[in-house]
Every structure is written in C-alpha cells, then in structure tokens.
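Structural overview for review
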Amino acid sequence: GQQVMQIPQYQHVQEGEDFTTYCNSSTTLSNIQWYKQRPGGHPVFLIQLVKSGEVKKQKRLTFQFGEAKKNSSLHITATQTTDVGTYFCAGGSGNTGKLIFGQGTTLQVKP
Amino acid sequence: DAGVIQSPRHEVTEMGQEVTLRCKPISGHNSLFWYRQTMMRGLELLIYFNNNVPIDDSGMPEDRFSAKMPNASFSTLKIQPSEPRDSAVYFCASSLERGATDTQYFGPGTRLTVL
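Quick caveat: nothing in here was measured; it's all calculated off a predicted structure. (Residues numbered from 1 in each chain as written. Chains lettered and ligands numbered in written order. Predicted model: local features only at pLDDT ≥ 70, side-chain atom pairs only at ≥ 80, totals over all residues. Heavy atoms only, no water.)

1. Observations concerning the interface of chain A and chain B
Counting residues at the interface gives 19 residues for chain A and 18 residues for chain B. Around 1500 Å² of area is buried between chain A and chain B when both sides are counted, 55% of it from carbon and sulfur atoms. Summed over the three residues of chain A that lose the most area to chain B, namely His 42, Lys 98 and Phe 101 of chain A, the buried surface amounts to 31% of that side. Where chain A meets chain B, there are one salt bridge. In this structure, the salt-bridge partner of Lys 98 of chain A is Asp 56 of chain B, at a minimum N-O distance of 3.0 Å. Between the two partners, chain A and chain B, sit four residue pairs in polar contact (both at pLDDT 80 or more). Of all the secondary-structure elements, those providing two or more residues to the side of chain A that touches chain B are strand S4 (31–37), strand S5 (44–49), strand S9 (85–92) and strand S10 (99–101) of chain A. Sort the elements by how many residues they give to the side of chain A that touches chain B and S4 of chain A lands first, with four residues. Residues belonging to the side of chain A that touches chain B are distributed by class as follows: seven nonpolar, eleven polar and one charged. (Contact = heavy atoms within 4.5 Å. Buried area = accessible area lost by both parts, 1.4 Å probe. Salt bridge = Lys/Arg side-chain N within 4 Å of Asp/Glu carboxyl O. Polar contact = N/O pair within 3.5 Å; in protein donor to acceptor, adjacent residues only side chain to side chain. Helix = DSSP H or I, 4+ residues; strand = E, 2+ residues; numbered from the N terminus. Nonpolar A, V, L, I, M, F, W, Y, C, P; charged D, E, K, R; others polar.)

Right, dumping it as structure tokens:
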C-alpha cells in the first residue's frame, strides 16, 4: 500500500541552528500537509501544498513540494526552543481520499 | 469554537474490560477520523466516516475494535475485550469535507492504559 516515509526520526540541535525534515512517498501525491505536535499535545495543522514545485513560507519555516509530487521538506531557520515537538508530513492520496501520515521527526532544541 | 472534544482524557483499565472512547467533532464538519498513536507504530488511521457513514475501516486492528457514528455530532470507538497492547493515545479528528485535501482538526486525545 501507499507509504509516506519521513527522516530523520529524531534531531537534536542547538538553539539558532537550522533544521530540516524530509518526506518521501512511494506514489504521486495529490497534496502534502504538515502538522506539528508539541510534547503531550495533539497534531496541529501547519500548512498544505498542492502544486508541483510549490514553496511556502511561514516566518522561519519553509515548506517545499517536489516537482514529481512525491517528496516534501520542512526547513526551520534559526531554531528556537518554541520549535520543539514532532513534525508530521501527511500525503494525500487522490485514489483513496485519505491522508497518510509519516512517522514524524521529533525535534529537540538545546537552549 | 470548542474544537474537537474527546472523553475521557485518560483511561486506565484492566485487561479484558470493555473500553469506550467518545468524540464530538467540530460542528458542521462532515468527516470524522479515529487515529491511534504509539511510539512503535506512530500515528495510524483506524477508521473514518463521511456524513456518519464508515468509509474506510481497513486500519481497524481486529474484531475487538468497533466504531460508530450515530449522528453528526457524536462518535464512539469501542474495544472489547481490551488487551495491554491496546495501550496508546487515541485521537479523534474532523474535517469540513471528505477527501485528502482537507485540513484535519485533532482533538486532545484519550490516553488509554490497559493493565
């Protein structure tokens, strides 16, 4: 079945360093969504990308959708302690109408 | 807006007991999803409903799990009998429309511990 793989699983950075998580799908996606889950919390929607090659920015966060619509990345510039949490990508399948979540990347930021 | 409401927030039970988790989606949302989250398996979609009708239950682990949505404002996930391996955080989410392109709004989750 369709799978969405996300790497790395964990990332520890010093505050101020950059961070990137990558998401890859075995099949072409209709869209990609990104969610953030704070420790002890629930996933919260960040953004959705739909177009091939699309790039969106939210302050220090940059999201990209690959040209083939099979991969995506989230880049955080100059991390802060408030960025701590697990970041999930979720790929949309046009065939099944479902979102398939990646395993998530847990980010720890040392002050 | 109250968001997605789940109850209870925490449940501790003994193996073999029946467990019922409850969810109230955001008013006006047409799709409802049940997820299970564990360290080992991550976030897994168990079942989702559209307009109160189950659309895909392929993620339901086995016959011990069942889900219902009797009306647009209420859904239950039942485990009978429960087993220790069912220990996890169970999230309910809702979205305005059916389909993979719609934003999902998650509830706070129910942390289930089966002893």
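2. Things to note about the sheet that holds strand S3 (residues 19–25) of chain A
For sheets, the rule is that strands pair by backbone hydrogen bonds, running either parallel or antiparallel. All names here are of chain A. Strand order in this open sheet of five strands is S1-S3-S8-S7-S6, and the pairing throughout is antiparallel. In the strand order of this sheet, the two ends are held by strand S1 (4–7) and strand S6 (55–58), each with one partner. Each strand axis lies, on average, 15° off the axis of its neighbour in the sheet, ignoring direction. With six bridges connecting them, S3 and strand S8 (residues 71–76) associate as antiparallel partners. Within S8, the position partnered with Thr 20 by the bridge is His 75. (Pairing = 2+ DSSP bridges. Axes fitted to C-alpha atoms, helices over the stretch in contact; angles between N-to-C directions.)

3. Overview of the state of the cysteines
Put plainly, a disulfide is one covalent bond tying together the sulfur atoms of two cysteines. Residue and element names in this part refer to chain B. Evaluated as defined, the whole model comprises two disulfides over all chains. What pairs with Cys 23 in a disulfide is Cys 92, and their sulfur atoms sit 1.9 Å apart. When the S-S torsion is -65°, as for the bridge of Cys 23 with Cys 92, the disulfide is left-handed. Linking Cys 23 in strand S3 (residues 19–24) with Cys 92 in strand S9 (residues 88–95), this pair joins segments that are 69 residues apart in sequence. We note that Cys 23, like Cys 92, is buried. (Disulfide = S-S within 2.5 Å. Buried < 20%, exposed > 50% of the residue type's maximum accessible area, 1.4 Å probe, protein only.)

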